[in-house]
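Next come the chains, spelled out residue by residue.
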Amino acid sequence: GDGTFGSYTLKEDGSAADRKPSEPIFDADKDALFIHGERDGIHIIDLLQTEQLLAEARRFAAEIAAKGGSILFVGTKKQARDSIKSWAERCDMPYVNQRWLGGLLTNFHTISARIDRLHELNALKEGGQLDLLPTKERMSMEAELEKLEYNLGGVRDMKRLPQAALIIDLKTEAIAVRECERLQIPILGLVDSNVDPVSVASTMASASTGGFTSVAP
């Protein structure tokens, strides 16, 4: 990857807002800062703040990358998966886009052993050794490899805990958020008015939870 982070415009997020507005599940004390107004019971996100906060988040992420740190990209919702994988690979960063494996961060020592197993099985497959095994044993190991690839393929090269996490839809990725909070890993997050922004180190108010096109490559 080139280690860079993509640009963003108000036009992109505005078009997302037109397609799927925010649902008004709202904590006035925490969320009012990011709300421009309300129309027909639908919250209108302040996109000027969104653009400014996205710029701040990009600077923060760029500083981490410049120091050789890593940012874990997280987005398991169907509409986020391809973009998360594409951007993470472009930035040479680890990612989770299929399923968050509980303990991925808080039990990283154990997860690291599973990552080692993933590399071991991949080496056996690429070297042709699996083909030499009895059919039952080969099929068992291939199934194990497939499962490990599904759960850990995006973090196969993550040797240590990340310096931050970019999380799309904090409500869906609640377990990832809790693990980051427990380990005091800063979170860069896209939030709607139905999400508590307090735990997010850099909050980027999103036009809608459905508007993932704002960060698509």
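Report follows, based on the coordinates.

Reading the values: rules and limits
Residues numbered from 1 in each chain as written. Predicted model: local features only at pLDDT ≥ 70, side-chain atom pairs only at ≥ 80, totals over all residues. Heavy atoms only, no water. Helix = DSSP H or I, 4+ residues; strand = E, 2+ residues; numbered from the N terminus. Expected span 1.5 Å × (residues − 1). Buried < 20%, exposed > 50% of the residue type's maximum accessible area, 1.4 Å probe, protein only. Contact = heavy atoms within 4.5 Å. Salt bridge = Lys/Arg side-chain N within 4 Å of Asp/Glu carboxyl O. Pairing = 2+ DSSP bridges. Right-handed = clockwise from strand over helix to strand, strands pointing away.

To continue, consider helix 4 (residues 78-91). For helix 4, built from 14 residues, the straight-helix expectation of 20 Å at 1.5 Å per residue is met to within 8% by its first-to-last C-alpha distance of 21 Å. What helix 4 keeps buried is the set Ala80, Ser83, Ile84, Trp87, Ala88 and Cys91. Residues of helix 4 that are buried make contact with strand 3 (71-74), strand 4 (95-96) and strand 5 (164-168). A positive phi of about 60° marks Asp92, the residue just after helix 4.

What follows covers the pattern of salt bridges. Enumeration according to the criterion identifies 7 salt bridges in this entry. Here Arg114 makes a salt bridge to Glu144, at a shortest N to O gap of 3.3 Å. A residue pair is termed long-range when its members are at least 10 positions apart, and Arg114 in helix 5 (residues 108-126) and Glu144 in helix 6 (residues 135-152) qualify at 30 residues. Glu120 is the salt-bridge partner of Arg117, the closest N and O atoms lying 3.1 Å from each other. A residue pair is termed a helical-turn pair when its members lie 3 or 4 positions apart in one helix, as Arg117 and Glu120 do in helix 5 at 3 residues. Accessibility expressed as a relative area gives 42% for Glu120, which makes it partly exposed. Via salt bridges that share partners, Arg114, Arg117, Glu120 and Glu144 belong to a single interconnected network.

Another point: the pairing of strand 3. Each regular strand displays side chains that alternate between the two surfaces of the sheet. A two-sided burial pattern is seen for strand 3, the buried positions comprising Ile71 and Phe73 on one face and Leu72 and Val74 on the other. Where strand 3 and strand 5 come together, 4 bridges link them in parallel fashion. If you follow Leu72 over to strand 5, its bridge partner there is Ala165. Alignment of strand 3 against strand 4, held across 2 bridges, turns out to be parallel. Its bridge partner being in strand 4, Val74 is matched across the sheet by Val96. With respect to chirality, the unit in which strand 3 leads through helix 4 into the neighbouring parallel strand 4 is right-handed.

For the rest of this paragraph, the subject is the side chain of Asn122. Within the element layout of this structure, Asn122 appears in helix 5. Asn122 gets classed as buried once you look at its relative accessible area, which sits at 16%. Non-local contacts of Asn122, meaning those with residues more than four positions away in its chain, are made with Leu145, Glu149 and Arg156.

Along the chain, Ala88 falls in helix 4. Relative accessible area serves as the criterion here: at 0%, Ala88 is assigned to the buried category. In this structure, the C-alpha to C-alpha distance between Ala88 and Val74, residues 14 residues apart in sequence, is 9.3 Å. Setting aside residues no more than four positions away along its own chain, Ala88 makes contact with Phe73, Met93, Pro94 and Tyr95.

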